[in-house]
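The primary structure of each chain is shown beneath.
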Amino acid sequence: MPKYQFSCEVVPQYQPEQSAPEDHVYGFSYTVTVTNTGEVTAQLISRHWIISDANGLNEEVKGLGVVGHQPLLKPGESFQYTSGSRLRTPSGTMHGSYFCVAEDGERFEVPIPMFVLEAHNGNAPHGRILH
C-alpha cells in the first residue's frame with residue numbers, strides 16, 4: 001500500500017429542479033467520497049476542477065478545501081460531501097485533483113477521475129462514472 005494515497009468515488013446526479021433547459025441551464029449535483037487509502041494521516045487542502053460542457057467550453061475552478069472543510073483523514077477514514085455545478089448544455093464532464101499534505105509534511109496530489117454529467121428524463125440512469 002502506498003504511504004500517501006487518497007481514493008475518490010464520485011456519484012453525479014441531474015437536478016431538474018435547478019435546471020431551465022429553455023434558458024440553457026442544466027444543474028447537477030455530485031457526491032464525492034474521499035478515503036485515505038494510504039498509511040499516513042493527511043489533510044485535503046485544496047481542490048482543482050475542470051468542468052467541460054458538450055460544446056467544449058471549459059471552466060476551471062480552484063479553491064481551498066471542499067464545501068468549507070479541509071478534512072484531516074487518518075488511514076482508512078473517509079469524508080463525504082455533495083456539491084453542484086451548472087452547464088449550458090445537457091451533458092458534460094468533470095475531472096480534477098485534490099492537493100493534500102500528510103502529517104509528516106509530504107505533499108501529494110490526488111487525481112479525481114473524469115465523470116459524466118448528463119441531463120435525462122426519468123427513464124435514464126442517474127449518471128455514469130468513467131474509469
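Residues numbered from 1 in each chain as written. Predicted model: local features only at pLDDT ≥ 70, side-chain atom pairs only at ≥ 80, totals over all residues. Heavy atoms only, no water.

Examining the pairing of strand β8 (residues 107-118)
Right, on to step 1. Two elements, strand β7 (residues 91-102) and β8, share ten bridges in a ladder whose sense is antiparallel. Along β8, the bridge assignment pairs Ser97 with Pro111. (Pairing = 2+ DSSP bridges. Helix = DSSP H or I, 4+ residues; strand = E, 2+ residues; numbered from the N terminus.)

Observations concerning the side chain of Gln15
Right, on to step 1. Positionally, Gln15 belongs in the loop between β1 (6-14) and β2 (26-36).
Right, on to step 2. Residue Gln15 is classed as buried on the basis of its relative accessible area, which comes to 14%. (Buried < 20%, exposed > 50% of the residue type's maximum accessible area, 1.4 Å probe, protein only.)

Details of the nonpolar core
Right, on to step 1. Ranked by size, the top nonpolar core spans 29 residues in total, and within it Phe6, Val34, Trp49 and Tyr98 carry the most contacts.
Right, on to step 2. Elements with a minimum of two residues in this core: β1, β2, β3 (42-53), β6 (78-87), β7 and β8.
Right, on to step 3. With residues near it in sequence (within four places) discarded, Phe6 still touches Val34, Thr35, Asn36, Thr37, Ala42, Leu44, Leu73, Cys100, Phe108 and Val110. (Core = buried A, V, L, I, M, F, W, Y, C linked by side-chain atoms within 4.5 Å. Contact = heavy atoms within 4.5 Å.)

Overview of the state of the cysteines
Right, on to step 1. A full pass over the atoms with the stated rule returns zero disulfides.
Right, on to step 2. No disulfide involves Cys8; its nearest neighbouring cysteine sulfur is the one of Cys100, lying 8.0 Å away. (Disulfide = S-S within 2.5 Å.)

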